[in-house]
Amino acid sequence: MNNQTVESTIDELKSLLTEKQIVTETEELYDASADRYKKYAKVKNVLDVPMPIAILYPHSTEEVKSLISYCNQNDINVIPRSGKTATEGGLENWKDKTVVIDGSRMNEIIKIDPYNMQATVQSGVKLQTLEDELRKQGYTTGHSPQSKPVAQLGGLVATRSIGQFSTLYGAIEDMVVGLECVFPEGQVSKVKNVPRRSGGPDIRHIAIGNEGALCYITEVTVKIFKFYPENNTYYGYLVENMDAGLKVLREVMVNGFKPSVARLYSEEDARQHFNHFYKDKCVLIFMTEGPEGIVKATNGAIEEAAEKFDSHIFEKVDSSHIENWFINLNWDQSRIDEEINEMKDHNSHDGFTTEVSADWENVIKIYNNVMHRIRNEFDRADELTMLGGHSSHSYLNGTNMYFVYNYTINCAPEDEMQVYHHPIHEIIIEETLKCGGSMCHHHGIGKYRSEWTKAEHGSAYYMLEKLKEAFDPKGIMNHGTIFPQESEIKKFIRS
Ligand SMILES: Cc1cc2nc3c(=O)[nH]c(=O)nc-3n(C[C@H](O)[C@H](O)[C@H](O)COP(=O)(O)OP(=O)(O)OC[C@H]3O[C@@H](n4cnc5c(N)ncnc54)[C@H](O)[C@@H]3O)c2cc1C
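Cut-offs and rules
Residues numbered from 1 in each chain as written. Predicted model: local features only at pLDDT ≥ 70, side-chain atom pairs only at ≥ 80, totals over all residues. Heavy atoms only, no water. Near = heavy atom within 4 Å. Polar contact = N/O pair within 3.5 Å; in protein donor to acceptor, adjacent residues only side chain to side chain. Areas by Shrake-Rupley, 256 points an atom, 1.4 Å probe, with all protein chains shown as cover. Helix = DSSP H or I, 4+ residues; strand = E, 2+ residues; numbered from the N terminus. Pairing = 2+ DSSP bridges. Buried < 20%, exposed > 50% of the residue type's maximum accessible area, 1.4 Å probe, protein only. Axes fitted to C-alpha atoms, helices over the stretch in contact; angles between N-to-C directions. Contact = heavy atoms within 4.5 Å. Phe/Tyr/Trp six-rings, centres within 6.5 Å; stacked < 30°, edge-to-face > 60°. Domains from an automatic or database assignment. Arc of directions from axis to C-beta. Core = buried A, V, L, I, M, F, W, Y, C linked by side-chain atoms within 4.5 Å. Left-handed = near helix turned anticlockwise from the far one by under 90°. Nonpolar A, V, L, I, M, F, W, Y, C, P; charged D, E, K, R; others polar. Disulfide = S-S within 2.5 Å.

**Details of the site of the ligand**
Then, in step 1: Residues in close proximity to the ligand total 32 residues, the closest being P80, S82, T85, A86 and I162.
Then, in step 2: One of the backbone nitrogen or oxygen atoms of P80 is found 2.6 Å away from an oxygen atom of the ligand.
Then, in step 3: Between an oxygen atom of the ligand and a main-chain N or O atom of Q152, the distance comes to 2.9 Å.
Then, in step 4: When the ligand is considered free in solution it has 980 Å² of accessible area, and contact with the protein chains removes 96% of it.
Then, in step 5: Of all the secondary-structure elements, those providing two or more residues to the shell around the ligand are strand 3 (77–81), helix 6 (153–158) and strand 10 (216–223).

**Examining the sheet that holds strand 1 (residues 22–23)**
The strands that make up a sheet pair up through hydrogen bonds in the backbone, lying either parallel or antiparallel.
Then, in step 1: Pairing within the open sheet is mixed, and its four strands lie in the order 1-2-4-3. Every interior strand has two partners, whereas the edge strands, strand 1 and strand 3, have only one.
Then, in step 2: Inspection of the sheet shows strand 2 (residues 54–56) paired to strand 4 (residues 98–102) by three bridges, in the parallel sense. Counterpart to L56 in the pairing with strand 4 is I101.

**With respect to the pairing of strand 4**
Then, in step 1: The buried count for strand 4 comes to five of five residues, which makes it a mostly enclosed element.
Then, in step 2: As paired strands, strand 3 and strand 4 are joined by five bridges and run parallel to one another. Residue N77 lies in a different strand from strand 4, and its bridge partner there is T98.

**Some details on the sheet that holds strand 14 (residues 282–288)**
Then, in step 1: Taken together, the seven strands give an open sheet; going across it, the order is 15-12-14-13-17-18-16, and neighbouring strands pair in antiparallel fashion. Bordering the open sheet on either side are strand 15 (313–317) and strand 16 (349–359), each of which pairs with just one other strand. Taken over all neighbouring pairs, the strand axes of this sheet differ in orientation by 20° on average, direction set aside.
Then, in step 2: In this structure, strand 13 (residues 261–265) lies alongside strand 17 (residues 384–391), joined through two bridges in antiparallel fashion. Its bridge partner lying in strand 17, L264 is registered against S391.
Then, in step 3: Sheet contacts for helix 12 (residues 292–308): strand 12 (233–239), strand 14 and strand 15; angle to strand 12, the most-contacted strand, approximately 10°.
Then, in step 4: Seen against the sheet, helix 15 (residues 360–377) touches strand 16, strand 17 and strand 18 (398–408) and runs at an angle of roughly 15° to strand 18.

**Notes on the packing of aromatic side chains**
Then, in step 1: Applying the stated criterion across every chain yields a total of 16 aromatic pairs.
Then, in step 2: Taken together, a centroid distance of 6.4 Å and an interplanar angle of 80° make the contact between W94 and Y448 edge-to-face. Within this pair, whereas W94 is found in the loop between strand 3 and strand 4, its partner Y448 is found in the loop between helix 16 (416–434) and helix 17 (453–457), the two being separated by 354 residues in sequence. One exposure class covers both W94 and Y448, and it is buried.
Then, in step 3: Taking the centre distance of 5.6 Å and the plane angle of 90° together, the rings of Y265 and W325 count as edge-to-face. Of this pair, Y265 sits in strand 13 while W325 sits in helix 13 (residues 319–327); the two residues are 60 residues apart in sequence, bridging distant segments of the chain.
Then, in step 4: Overall, Y265 belongs to the buried group, its relative accessible area being 1%.

**Brief notes about the pairing of strand 3**
Then, in step 1: In terms of residue burial, strand 3 counts as a mostly covered element, since five of its five residues are buried.
Then, in step 2: A two-sided burial pattern is seen for strand 3, the buried positions comprising N77, I79 and R81 on one face and V78 and P80 on the other.

**Comments concerning the domain arrangement of the protein**
Then, in step 1: By the assigned domains, the protein splits into domain 1 (3–104), domain 2 (109–226) and domain 3 (229–327).
Then, in step 2: For domain 1 versus domain 3, the distance between C-alpha centres works out to 44 Å.

**What about helix 13?**
An α-helical turn contains 3.6 residues, so any two residues separated by three or four positions project in the same direction.
Then, in step 1: Among the residues of helix 13, I322, W325 and F326 are the ones counted as buried. Projected down its long axis, helix 13 shows its buried positions confined to an angular sector of 100°, all on one face.
Then, in step 2: Looking at the buried positions of helix 13, the neighbouring elements they touch are strand 12, strand 13, helix 11 (267–273) and strand 14.
Then, in step 3: Where helix 13 begins, the capping side chain belongs to D318, and its oxygen is found 2.9 Å from the backbone nitrogen of S320.

**A closer look at the nonpolar core**
Then, in step 1: F274, V283, I285 and F326 are the most contacted members of the largest nonpolar core, which totals 55 residues.
Then, in step 2: Top contributing element to this core by residue count: helix 6, with four residues.
Then, in step 3: The residues that make up this core include at least three from each of domain 2 (109–226) and domain 3 (229–327).
Then, in step 4: Setting aside anything within four residues of it in sequence, one finds V283 in contact with Y237, L238, R263, L264, Y265, A270, F274, F277 and Y278.

**Details of the packing of helix 15 against helix 16**
Then, in step 1: At a minimum axis separation of 9 Å, helix 15 and helix 16 run at an interaxial angle of 145°. Judged by the sense of rotation from one axis to the other, the crossing of helix 15 with helix 16 is right-handed. Between helix 15 and helix 16, the residues in contact are I366, N369, V370, R373, I374 and E377 and I424, I427, I428, E430, E431, T432 and K434, respectively.
Then, in step 2: Each residue belonging to the contact of helix 15 with helix 16 can be placed in one class, and the counts come to six nonpolar, two polar and five charged.

**Observations concerning the state of the cysteines**
Then, in step 1: As enumerated under the stated definition, the model contains zero disulfides in all.
Then, in step 2: The thiol of C282 is not disulfide-bonded; the next cysteine sulfur, from C435, is found 19 Å away.
Then, in step 3: Cysteine C435 remains unbridged, with the sulfur of C440 as its closest cysteine sulfur at 16 Å.
Then, in step 4: Classification of C435 as buried rests on a relative accessible area of 18%.

**What to know about the side chain of T453**
Then, in step 1: Topologically, T453 is positioned in helix 17.
Then, in step 2: Its relative accessible area of 0% is what places T453 among the buried residues.
Then, in step 3: A distance of 2.6 Å separates the side chain of T453 from the backbone oxygen of I482, its partner in a polar contact.
Then, in step 4: Every residue in contact with T453, bar those within four places of it in the chain, is listed here: M439, I445, Y461, L464, I482 and P484.

Here you go:
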C-alpha cells in the first residue's frame, strides 16, 4: 500500500471516528503486528510481518458496524482485538492493508441480573472487572482462565476460552447465554437470552470461537452462579505416573461428580509448580466448591477414588500447598510485562504450550507417544529445559493434555519458532490427530495451527468453510486465522 493510499484511508477513517480513536504511532503499530506467539522476535525487534496501518478504538456497536462496513467496501483486512493475550497468532498481521479494531473502550457492564442469574457486558469489559462486581454481590462467573486479570469478554468468547474451574462451571460456551455481533457486510445480529431453545442449529456458535475470522463480537451475556467460598476444599496427592493419575481422575468423572478442579501434572511439570513437595512424582489435584451438600458428596467421591486406587497413590499432600498455589496462579499485566522485560534484558529462554484433548483411552497413548518422539526425534532435545504436561480440564468421556516445553534459544531470534517451537508443536499435533483427538483443546487455532485446520475437522471442514464463504465473502476478517492461507504459511511459518 503506498503512502498516498494509507493517508487517504486514515483521512476517511477520521470521518467515522474522532482523532483520539485512531492510533498510528509506529511503536503501537509494531506492537499490534503480532501477539505472544512471536514475543521473543518482537522484543528483539526482528518481526517479519507487516504492520497494520492503524488501531481503531470504537465506543459502540454502531461504530464497529460503520468501521467494518467501510473495510469490507475497501478491501481492508480487519483484526479484532480485545485484551491482547492471544497465544496462537490470532492477532498477527499477514496483510499490508490492515486495521486493528480494538474493543477495549467498549467497557460497560450493561446489567447484572441476579434474579435471572445472568450478566450482560460490552465486549471490552475485562473478566476480572465483571468478576469483582459479581463477588461484591455474592456471585461469580465461574470463569477463571489464568489470563482473567487482562483478557476481555470479546476475546474470551472469540477463542472459546476455558478457566481453571471448568470441570464444575463449564467452559465459555457453556456460560454464554446470548450475544451481539457485527458481520462484514454491516449486519448486526443479536442472539437473545433464553435458557434453552430448539429453534434450529445453535447460532451462538457462529460467533463463539470465530477468532475474529467471521464477525466482531460487541456484547455478551453470561450465566452467573452463587459463590460459596466458605466450602472450598482442596486435595493433593503424589502418584507414580501419568497413567495411574489419569485412572483416578477418570474414576471421579465417570461416577458423575464434578469437582471444580481436577488436575494431574507430570513429574517434570510438577517440578515447575510444586518443587517444595513433589518428590519426583506426578501431582494430582482436586478442588471442590459449591453448596455444602454437593461439596461433601464430591469430597466423598474423591476420597473413595483415592482409596480404590490406593496402590497408585504414593502420598497425600497437605491441602494448604494446593490452596496457596491456586492463589498465585493468575497472570496480571505486570507479570506479562515482567516476562517481556526479562527477555529484553537477559533473553535466551522461552517456553510454549500445545493443548490437545482426547478420550480416556487415547489420552495416555498421545502423552506417551509425544514424549517418546520429542525425546528421540527432535534434534535439539538436549536444549530443552523442560518437557512435560498436565491434564487440567476433565469431562465424562475424556480430558485434555497441556503439553509444556521450555528451551534455551541458541539461534537467531527470528528463527526461534522454526527451530524450536514448530517441530515440537508438529509432533504433538500429529500424534493427537493420529489417535483421533483434537489439536486444540483451548487457545484456538489462530494462524499457527491453521496448517492443520483441515486435518482437525476432516469431512466437517466443509461446514466451516461454508461459514467463511457466507459471512465473510470478501475475506476481510482476520486473514489467515483458522482458515489456512498456503502462501503466508510458507512465508511466515515455514520459511
Ligand atoms: C498468561 C496467559 C494465560 C492464559 N490462560 C488461559 C486459560 O487459562 N484459558 C484459556 O482458554 N486461554 C488462556 N490464555 C489465552 C488467552 O488469554 C485467551 O485465549 C483469551 O480468551 C484471549 O482474550 P483477549 O481478550 O486477550 O483476546 P485477544 O488476545 O485480544 O484476541 C484473541 C483472539 O480473538 C479475536 N478477538 C478478540 N476480540 C474479539 C471480538 N470482540 N470479536 C471477535 N473476535 C475477537 C482476536 O482477533 C484474536 O484472534 C492465556 C493467555 C495468557 C497470555
